[in-house]
Amino acid sequence: MHINHDNLVLNSEGDVEAKLLIPLLSSELYLGIPAQNFFSKEYLAPTEIDKGAKVPGGYYPDFSVWIHGFPILLVEAKTPGVPVEQAYREASLYARHLNSQRPTGLNPASFIVASSGTRVLFGRWDAPPEFDVHYKLLRPGSTTLQEVQQVYGFPALRQHALECLRKVKTNRGRRPFNNAGGPAIINAKKALNSFAADLSPILRRYFTSRDASDIKEISKYAYVSSAEVTEYDRVLESLLKDRVQVRRDTIVERLEPDGSSEKHIEKAFAVFDEERPAAGQLQIIQGAVGAGKSLFIRRYKEVLQSPGLMTRCRWAWVDFGSGSFDLSNAQVWLAKAFNESFQAENPEIDFGKREVLWGIFAKQVQRRKPIYDDVAAWDETKAAILRNEDLQKWQDDPIEYSIGLANYILGQRQELLLVVMDNVDRLDLKTQLDVFQLALWFMGQTKAFTILQMRDETYERFKTKPPLDTFRAGIAFHITPPRFIDVVRKRLDLSLRYLADRAETTQSYTLPSGARITVPTNELGRFLQDLYVELFERRRNIARIMESLAGKDVRRALDMFVSIITSGHLGEDQITSQVRGGGELRITEHNLLKILMRTDYQLFSDRSGFISNIFSFENEWNRPSNFLLIEILFFLASSRKRSGQIGIEGYFAVQHICELMQKRGYDTEDTAKAVNLALTWNLIDADHMGNISAILSDSVKISASGFIHLRTLVERLEYLYGILATTRVTDGKVLSTIAEATERELRLGDLSARAKLQVVEAFRGYLLKQATALAKAAGSQFDIADRNSGAAYVLRAMERAISRFYTQDDGKKAEVDLLD
């Protein structure tokens, strides 16, 4: 893009902008300002800068250039014939307005460019134009342009932004734990409670096992059928509940397994058996990660198959989540995995028998028969050797073996071959699409009924695009994930049955006092039952918090429940009064929050549990702030019912978020890094379904976990206190207060609620000062009542937590929260 210096025709203000100013500002031939730093007039708020002008709706410049969260250069265009001095004056007045709102000595809006056609004025906000140049003199390579570039080119603008940055950047943040013992105390583990020792085999077997035999047992006796799924509350419904979109371009059917059957997939198998399609059949089963797709298919095989199909179905599982999947050699890997699984799943077929091997390779043998006959005509022995050599070669070739095996099952035995591509949904977006193509290849080679698991988001986004568009006429089945509490209830029922069979045994464990306690093993069942009641059946927020942290991932939910049972923060003496008849098990909410935050660590950290610190920042950021993550989450939470740049409700482009945060004084590079931090912590979800990184063109939405962090955890004293040891702060006095409290907690084992509250109050005071300074640097005034500010929202929540302690109320709010 360059200016036509010899034949430039400018008839309107739009011509001045498009043909002169935009190339002048953005082209590398001229000022070289990157597109991401260049914004049109809608980006700035209008203001009345000149009462005499009476501009309807207020005035704002045509363009602005932002660097590190500062408006650095303002650009004004006028229609040819309008004095260019008027454009320069208006832009200067707006720059004065922006600078006047900031602290004394901080004047980011320093540079002005104005034009109404032939002349271009360059200058500073508080001075007459430094350059008054005819556009023809701004040719690339000209002395005039070089002089302008030195002062108004992007490097000079960026240098000014860095000078502004130095004026507002706070001291380097420090983490209090470093003043209280250093990394050793963060890495220190807390011993698991000894009561849970005898529970460990049960927990591993029914809650966290990946062993095939355990999964079979769970699928038979602890599966949550459709009729047993309960409902979320209203807010979590919108964040966690699955909704199957019924559209004309594809058909999605919800699987509805009951105690003995599932009609949709049964019908699909029956049709496949009747029609025996020459190309095989692909069946997509989609749902969220951890929704139970694998468990459903296993349950169908073990429990739900009709008797007529059960005797004729041959199954195999290919696990893409095992860590052994090799995309570079995918076809061979898949064939080998299929062969191994088929033999493991069908032990009644003796693959060592010669007649089975000849059956598997019957087609290959038939193709080679003329050669065998020719050799046999003059030497039978050599013909036999040749057949055996071929047989060995085919056995050693995984692809050849899998094709032969499929021909044997579908052809000679006239049975159904059902191959499950398992755990595909754990892969990233690109690999999921690659596996779809791999499944098509496998189906074409084997003619099998191929079941492919896929994330629902992947399917919905790409079903009309290659390669998924090849499935457009097919019917996809959808698995709705059961709720956390429903899954735990069924797993506990299975655990209780296991314990009841061992009533004659006993368990011993030690109290903190040193006393040794022995109880019957079946008393463990009573403890588990009461723990379930305490967590899920009392009307408390803890169940809502746990379901939100787990999201739709049932595996994560079960890990969370196990952590509660085994945590050393759940004391043996607390358990003992219940198991020895001392009354109901009562675990306070703050105790459960501590467990979820710390699990088996002494203190909370980024890797210690299931909860994240949304007050985090990194010192390497350009404008570090304890509020940046919070502001991002607040925007996504309050906008979750609106559609963003890709047209999907709740999803907004990272670029859009960066631009919004920039107007609030945050650096765009920092915002992009904070978005990625939130993504790795599962506080937000990306449209590409990965949780490693998101680029500016990707879109993200708030997750249920991110929502509950912002909506609930920030008004819980245990959360606010628990995060402080690892929260960077820039105030030395507040740092010392937190460090001293951390040392005292480690020495005493815990702190009183009042002691924790005093530390939280000091932290809130520090945050309030930071919010005020941030607003001032961004050219505004901080208002604690602001309903559009994440910082104000969180500070109000912290005030409620503090007030609740002093008034001892029940925590109910007088008004509905604005995020509900």
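The model shown is predicted, which means the values in this text are computed figures rather than measured ones.

Rules used throughout
- Residues numbered from 1 in each chain as written.
- Predicted model: local features only at pLDDT ≥ 70, side-chain atom pairs only at ≥ 80, totals over all residues.
- Heavy atoms only, no water.
- Core = buried A, V, L, I, M, F, W, Y, C linked by side-chain atoms within 4.5 Å.
- Buried < 20%, exposed > 50% of the residue type's maximum accessible area, 1.4 Å probe, protein only.
- Contact = heavy atoms within 4.5 Å.
- Axes fitted to C-alpha atoms, helices over the stretch in contact; angles between N-to-C directions.
- Helix = DSSP H or I, 4+ residues; strand = E, 2+ residues; numbered from the N terminus.
- Parallel < 35°, antiparallel > 145°, perpendicular 65-115°, else oblique.
- Left-handed = near helix turned anticlockwise from the far one by under 90°.
- Nonpolar A, V, L, I, M, F, W, Y, C, P; charged D, E, K, R; others polar.
- Phe/Tyr/Trp six-rings, centres within 6.5 Å; stacked < 30°, edge-to-face > 60°.
- Polar contact = N/O pair within 3.5 Å; in protein donor to acceptor, adjacent residues only side chain to side chain.
- Pairing = 2+ DSSP bridges.

A. How the structure looks around the nonpolar core. If you look at the biggest cluster of nonpolar residues, it comprises 201 residues, and the most contacted ones within it are F320 and F615. Sequence-distant contacts of F320, defined by excluding residues within four places in its chain, comprise F325, W333, L334, M421, D422, N423, V424, L427, V435 and L438. Formed by 38 residues, the second largest nonpolar core is a distinct cluster that contains V75, V120, L138 and L165.

B. Up close: the packing of helix 21 (residues 541-550) against helix 28 (residues 704-711). The N-to-C vectors of helix 21 and helix 28 enclose an angle of 140°; their axes lie 6 Å apart at closest approach. The angle between the axes of helix 21 and helix 28 places the two elements in the oblique class. Considering the relative orientation of helix 21 and helix 28, their crossing is left-handed. Touching R544, I545, S548 and L549 of helix 21 are A704, S705, F707, I708 and H709, all from helix 28. Among the residues forming the contact of helix 21 with helix 28, the class breakdown is five nonpolar, three polar and one charged.

C. Focus on the packing of aromatic side chains. Applying the stated criterion to the full structure yields 27 aromatic pairs. Centroid distance F361 to Y401: 5.7 Å. Interplanar angle 65°. Geometry classified as edge-to-face. One end of the pair, F361, is in the loop between helix 13 (354-360) and helix 14 (362-378); the other, Y401, is in helix 16 (residues 398-412), with 40 residues separating them in the sequence. Plain terms: the ring middles of F634 and Y793 are 5.5 Å apart, the flat faces sit at 45° to each other, and that makes the pair tilted. Placement of the pair is F634 in helix 25 (residues 628-638) and Y793 in helix 32 (residues 790-807), with a sequence separation of 159 residues. Each member of the pair, F634 as well as Y793, carries the same accessibility label: buried.

D. Highlighting the side chain of Q305. Inspection of the secondary structure assignment puts Q305 in the loop between helix 10 (293-304) and helix 11 (307-310). Only 2.8 Å separates the side chain of Q305 from the backbone oxygen of K301, close enough to count as a polar contact.

E. Summary view of the pairing of strand 5 (residues 119-124). Note that strand 4 (residues 111-115) and strand 5 share five bridges and pair antiparallel. Paired with F111 across the strands is R124, a residue of strand 5. Linkage of strand 4 to strand 5, two consecutive antiparallel strands, is achieved through a turn of three residues, within which G117 is found at a positive phi near 140°. As judged from the five bridges shared by strand 5 and strand 6 (residues 129-134), these two strands associate in the antiparallel manner. Paired with L121 across the strands is D132, a residue of strand 6.

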